[in-house]
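Each chain is listed here by its residues.
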Amino acid sequence: MPQPTTATVPGTAPAGTPAAQQAGTFDLPALQRGEPVLWAATAPRPAGQAQNGAGISQLDVEAAVARWRRFAPLLAGLFPELQAREGVIESELLPVPALQQALELSPDFGTLFVKADHGLPVAGSVKARGGIHEVLEHAEALALRHGLLTPDGDYRVLAGPAARALFACHQVAVGSTGNLGLAIGVMASALGFKAVVHMSADAKDWKKARLRARGVDVVEHAGDYAQAVAAGRREAQADATCHFVDDERSRSLFLGYAAAAPHLARQLAALGRPVDAQHPLFVYLPCGVGGAPGGVAFGLAQLFGPHVHCFFAEPTASPCFLLQMLATTPGFEFLGSNPSVYDVGLDNRTEADGLAVPSASELAAAVAGPLLGGVYTVQDDTLFKLLHAAARTEGLRIEPSAAAGFTGPAMLRDTPAGQAYIERHGLRPHMAAATHIAWTTGGLFVPEDEYARFLARGQEAAAASDAAA
Ligand SMILES: *Cc1c(COP(=O)(O)O)cnc(C)c1O
């Protein structure tokens, strides 16, 4: 693990000790050197279901949940893998005792689970939630406007000839490092839309090939993720029949992710894991632009209020959401309103391609930022070690981005900022009853040879650190 592990779980750092004082500062030079760091929120969280600048509320989350339900019969017909699931795109919540042991997380600090979005059907990543939701919302609006559908009608008509003819005159476009393009491209082409995916230079070849095989038009850009999005946005603005899925600003994407929360709440209840003042819930979410983790965090905050503590996880080369949050911290205003990782000398180069984003979504920051517990970073080598450990101990097949959640509990336990967070919220006496959820955000469709390379690299990194120990 990246942090020096203290031999015992630090139990007693009352306010006023060095640990608590350090929480008020943040070691920006360590972040700039690419070391794993944790920024933890010190401002009190807004109470209850506070309104936010973007005007997104629990009603919007419920509307997204209802939309998924209306579309389920259509989805079951369009995708054979959804037939047995009655059209529900959801993932398991898995107990992972062997992995918890391999991570050296003592049960005194709580119990670890995995939210297995790496196995989400249709898109193979968390993007199935946001990306597919936005395509469905767009298709629904078009079909209603053209009188092909009534709000309480049978949505399976959207697979019929009239709807397909309508969708064929419309285009859905998106800019993506890969996974969002996969989700949007697969769903849009399944409904008969023309689909265009603008991809950044760091997008993997297999993702481009998979999309092209589905008839999606893949446009390659030499620049990074932000540039691919900007190019797609520009082209779409010139065309009234084009709907651009804007990963940096989209409300529909955000709500598709947020709709995960009620289902997760039912899964926790089914596993006998209460969430309340005596049973805190910690959720560790890999973060790119912030939409996926932000949506999930927002949805969970609506249900569990102050008892859920969401932490975002980013590669050390791409900590855009950390910088975004840091910029709101007294003493760090110089970072500006929407800082980029390049501004602080980082290069945004990471094998975690789902997280290779230079600046955060301001929508996600506005809506989810105030609800966050914190943001931490993970080195690429650690991601590969964790990917390998997840496979060895629990047979989980994940991509590097999806491993970022696994260091969350240790960052909380072993860093001064994490310890101070636990003290500030009075959580110390309740840690043994805590539930930790690492959200594994992608992996299902990684090709065999690519995955074998990931595993080998993880094994090498693990052997190297064993030898050094
Ligand atoms: C996109 C992605 C994320 C993060 O989602 P954002 O909305 O970009 O923050 C995490 N993991 C994987 C595998 C992804 O593809």
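Our structure is the block above this text.
A.B. asks: Whenever I open this one, the sheet that holds strand 10 (residues 374-378) confuses me. Can you help?
C.D. replies: Paired through their backbone hydrogen bonds, the strands of a sheet run either parallel or antiparallel. Ordered in space as 1-10-9-8-11-3-2, the seven strands form an open sheet in which the pairing is mixed. Only two strands of the sheet have a single partner each, and these edge strands are strand 1 (38-40) and strand 2 (93-95). Strand-to-strand twist across the sheet, computed as the mean angle between neighbouring axes with direction ignored, equals 25°. Of the pairings in the sheet, the one linking strand 9 (residues 308-315) to strand 10 comprises five bridges and is parallel in character. Across the sheet, phenylalanine 311 pairs through a bridge with glycine 374, a residue of strand 10.

A.B. asks: Looking at this model, I keep getting lost on the packing of aromatic side chains. Mind explaining?
C.D. replies: For any two aromatic rings, the description comes down to two numbers: the centre-to-centre distance and the angle of the planes. The tally for this structure, following the rule as stated, stands at nine aromatic pairs. An aromatic cluster of three or more residues is present, and its members are Phe26, Phe332 and Phe334. Of note, arginine 210 hangs over the ring of phenylalanine 445, and the distance from its end group to the ring centre comes to 3.9 Å. In this arrangement the basic side chain of arginine 397 is found over the ring face of tyrosine 451, its NZ or CZ atom lying 4.4 Å from the centre.

A.B. asks: For this particular structure, what's the right way to read the sheet that holds strand 5 (residues 194-199)?
C.D. replies: The strand order 6-5-4-7 describes an open sheet built from four strands, whose pairing is parallel. Unpaired on one side and paired on the other, strand 6 (217-220) and strand 7 (242-245) mark the two borders of the sheet. Taken over all neighbouring pairs, the strand axes of this sheet differ in orientation by 20° on average, direction set aside. Here strand 5 pairs with strand 6 via four bridges, running parallel.

A.B. asks: I tried to follow the pattern of salt bridges on my own but got confused; where do I start?
C.D. replies: Two side chains bearing opposite charge may form a pair once their charged atoms approach each other closely. Scanning the entire structure with this criterion turns up 22 salt bridges. Across the pair glutamate 351 and lysine 204 runs a salt bridge, and its minimum N-O distance is 3.6 Å. Here glutamate 351, found in the loop between helix 13 (320-326) and helix 14 (362-368), pairs with lysine 204, found in the loop between strand 5 and helix 8 (205-213); they are 147 residues apart in sequence, far enough to count as distant. Residue classification places glutamate 351 among the partly exposed positions, given a relative accessible area of 31%. Given the relative accessible area of 17%, lysine 204 is considered buried. In this structure, arginine 457 and aspartate 381 form a salt bridge, with 3.3 Å as the shortest nitrogen-oxygen distance. One end of the pair, arginine 457, is in helix 18 (residues 448-468); the other, aspartate 381, is in helix 15 (residues 380-394), with 76 residues separating them in the sequence.

Calculation criteria
Residues numbered from 1 in each chain as written. Predicted model: local features only at pLDDT ≥ 70, side-chain atom pairs only at ≥ 80, totals over all residues. Heavy atoms only, no water. Pairing = 2+ DSSP bridges. Helix = DSSP H or I, 4+ residues; strand = E, 2+ residues; numbered from the N terminus. Axes fitted to C-alpha atoms, helices over the stretch in contact; angles between N-to-C directions. Phe/Tyr/Trp six-rings, centres within 6.5 Å; stacked < 30°, edge-to-face > 60°. Lys NZ or Arg CZ within 6 Å of the ring centre and 35° of its normal. Salt bridge = Lys/Arg side-chain N within 4 Å of Asp/Glu carboxyl O. Buried < 20%, exposed > 50% of the residue type's maximum accessible area, 1.4 Å probe, protein only.

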